[in-house]
Amino acid sequence: MRVLMLNYEYPPLGGGASPVTKSLAEELVKLGHSVDVVTMGFKGLKQKEVINGVTIYRVPGIRKKQEVCQTHEMLSYCISAYRFLPKLLRENKYEICHTHFIIPTGVVSYLYKSKIPYIITSHGSDVPNYNPDRFGIQHKLLKPVWNEIVKNAECIITPTNYLKNLILDNVDDNNYCNKIEIIPNGVYFDDFNPKKKEKKSISSHSIIRKKRCSICYRGYE
C-alpha cells in the first residue's frame, strides 16, 4: 500500500503528535508499505529527504519556533501543502491519506477528498473544548468546517475514549459514532529498562490546564 501522510509537524518540529507521526510512518515502512509525508519546512531542513525509509517533503511555511506553531503559521502550511499536492498526486498513486489533526491539517485532506480518501488521527487540541484557552476562538469560527472534515473522513482515530466522546459532543450528527476508533499510542518497550524501584513520580505531557496533572497543577484551580 502507498500511504500519503500529512502533518504540519514532523521531527525535529513540534511536540507529542510529531514523534507519533514519525513512529507510525516508520512502522508502516517496516511492514512493507510505502509512506510519503508532507510536512512544514523550517530553516536548515531539507525540502526532500528519505529517513528510515520514509520520504519526507517539506513545504514552505512562516513558522518562527521549532517547538510551537501559531494559528497563522499553521495556515501557511495548509496553503503550501494544498498547492504542492497536485504534483505529488500526479506522480504517485496513493490508496489513502493519513491526516494528523482535524484542524488544521484536515482542511487540506478535505479539499482533495474527491481525489484521495482520508482518515484522521486526532491528537486533542484539534477538538473543540479540549484546549479552549489556546484554540477556543478558532474552533468557534471553524466549527462548520470542522464538522465537514469529520463527516467526510473514512475513519477518525483517537488515542483515548475521552477524546472520542469529546468529538461526539461536538459533531452535529451522532450517526458518525461508528467511524471513530480508539487506538492508544504505542510504546517501544525495548527502549525502557527496569531499574531499582524508588519512590518517585513522573508525568510526561504538554503542560496545559486541560491535562489536570496533580503534580504540576496542585492547587491550580
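Check the entry above for the structure.
In this text the structure is predicted, and so the values were computed from the model without any measurement.

About the cut-offs
- Residues numbered from 1 in each chain as written.
- Predicted model: local features only at pLDDT ≥ 70, side-chain atom pairs only at ≥ 80, totals over all residues.
- Heavy atoms only, no water.
- Helix = DSSP H or I, 4+ residues; strand = E, 2+ residues; numbered from the N terminus.
- Buried < 20%, exposed > 50% of the residue type's maximum accessible area, 1.4 Å probe, protein only.
- Contact = heavy atoms within 4.5 Å.
- Areas by Shrake-Rupley, 256 points an atom, 1.4 Å probe, with all protein chains shown as cover.
- Arc of directions from axis to C-beta.
- Pairing = 2+ DSSP bridges.
- Phe/Tyr/Trp six-rings, centres within 6.5 Å; stacked < 30°, edge-to-face > 60°.
- Lys NZ or Arg CZ within 6 Å of the ring centre and 35° of its normal.
- Polar contact = N/O pair within 3.5 Å; in protein donor to acceptor, adjacent residues only side chain to side chain.
- Axes fitted to C-alpha atoms, helices over the stretch in contact; angles between N-to-C directions.

### Some words on the overall build of the chain
Alright, step 1. Scanning the chain for helices and strands turns up six helices and eight strands.
Alright, step 2. Scanning the chain from its N terminus toward the C terminus, one meets helices and strands in the order β-α-β-β-β-α-β-α-β-α-α-β-α-β.
Alright, step 3. Burial statistics for the chain: of 221 residues in total, 43% are counted as buried.
Alright, step 4. When contacts within the chain are restricted to residue pairs at least 6 apart in sequence, those whose partners lie at least 24 apart make up 60%.
Alright, step 5. Counting every atom, the chain has about 13,100 Å² of accessible surface; 53% of that belongs to carbon and sulfur.

### Notes on helix H5 (residues 143-152)
Alright, step 1. Those residues of H5 not exposed but buried are Trp146, Asn147, Ile149 and Val150. For H5, the angular spread of buried residues about the axis comes to 160°, placing them on one side.
Alright, step 2. Next to the buried residues of H5 lie helix H3 (105-111), strand S6 (118-121), helix H4 (132-141), strand S7 (155-158) and helix H6 (161-170).

### Description of H6
Think of an α-helix as turning once every 3.6 residues; residues three or four places apart then point the same way.
Alright, step 1. Turning to H6, its buried residues are Leu163, Lys164, Leu166, Ile167, Leu168 and Asn170.
Alright, step 2. In this structure, the buried residues of H6 make contact with H5, S7 and strand S8 (180-182).

### Notes on the pairing of S7
Alright, step 1. The alternating pattern of S7 places Cys155 and Ile157 and Ile156 and Thr158 on opposite faces, both of which are buried.
Alright, step 2. Direction of pairing for S6 relative to S7: parallel, over a ladder of three bridges. Note that in S7 the partner of isoleucine 120 across the bridge is isoleucine 156.
Alright, step 3. By the bridge criterion, three bridges tie S7 to S8 in an arrangement that is parallel. Bridging from a neighbouring strand, isoleucine 157 pairs with glutamate 181 of S8.

### So, the packing of aromatic side chains
Alright, step 1. Evaluated as defined, the whole model comprises four aromatic pairs.
Alright, step 2. Between tyrosine 8 and phenylalanine 101, the ring centres sit 5.3 Å apart and the planes meet at 40°, which makes this aromatic pair tilted. With tyrosine 8 in the loop between strand S1 (2-6) and helix H1 (17-30) and phenylalanine 101 in the loop between strand S5 (96-100) and H3, the pair connects residues that are 93 residues apart, well separated along the chain.
Alright, step 3. Each ring, one from tyrosine 82 and one from tyrosine 112, has its centre 5.2 Å from the other, and the planes form 45°; the classification is tilted. On the criterion of sequence distance, the pair formed by tyrosine 82 in helix H2 (residues 71-91) and tyrosine 112 in the loop between H3 and S6 is long-range, its members being 30 residues apart.
Alright, step 4. The ring of tyrosine 110 has lysine 113 sitting right over it, with the charged end atom 4.2 Å from the ring centre.

### Regarding the environment of serine 122
Alright, step 1. With respect to the helices and strands, the residue serine 122 is situated in the loop between S6 and H4.
Alright, step 2. Once the C-alpha coordinates of serine 122 and threonine 99 are considered, the two residues, 23 residues apart in sequence, prove to be 8.6 Å apart.
Alright, step 3. In this structure serine 122 touches Ile102, Val127, Ile157, Thr158, Pro159, Leu163 and Ile167, once residues within four positions along its chain are discounted.
Alright, step 4. A polar contact is formed between the side chain of serine 122 and the side chain of aspartate 126, at a distance of 3.1 Å.

### Thoughts on the sheet that holds S5
Alright, step 1. One open sheet accounts for eight strands, arranged S3-S4-S2-S1-S5-S6-S7-S8; its pairing is mixed. The sheet is open, and its two borders are formed by strand S3 (48-51) and S8, each paired with just one other strand. Strand-to-strand, the axes of this sheet are offset by a mean angle of 25°, without reference to chain direction.
Alright, step 2. Of the strand pairs in this sheet, strand S2 (residues 34-40) and strand S4 (residues 54-59) are connected by five bridges, and their pairing is parallel. The residue bridging methionine 40 from the neighbouring strand is valine 59, located in S4.
Alright, step 3. In the packing of H2 onto the sheet, the strands contacted are S1, S2 and S4, and the crossing angle to S2 comes to about 140°.
Alright, step 4. Packing of H6 onto the sheet brings it into contact with S7 and S8, and relative to S8 it is tilted by some 165°.

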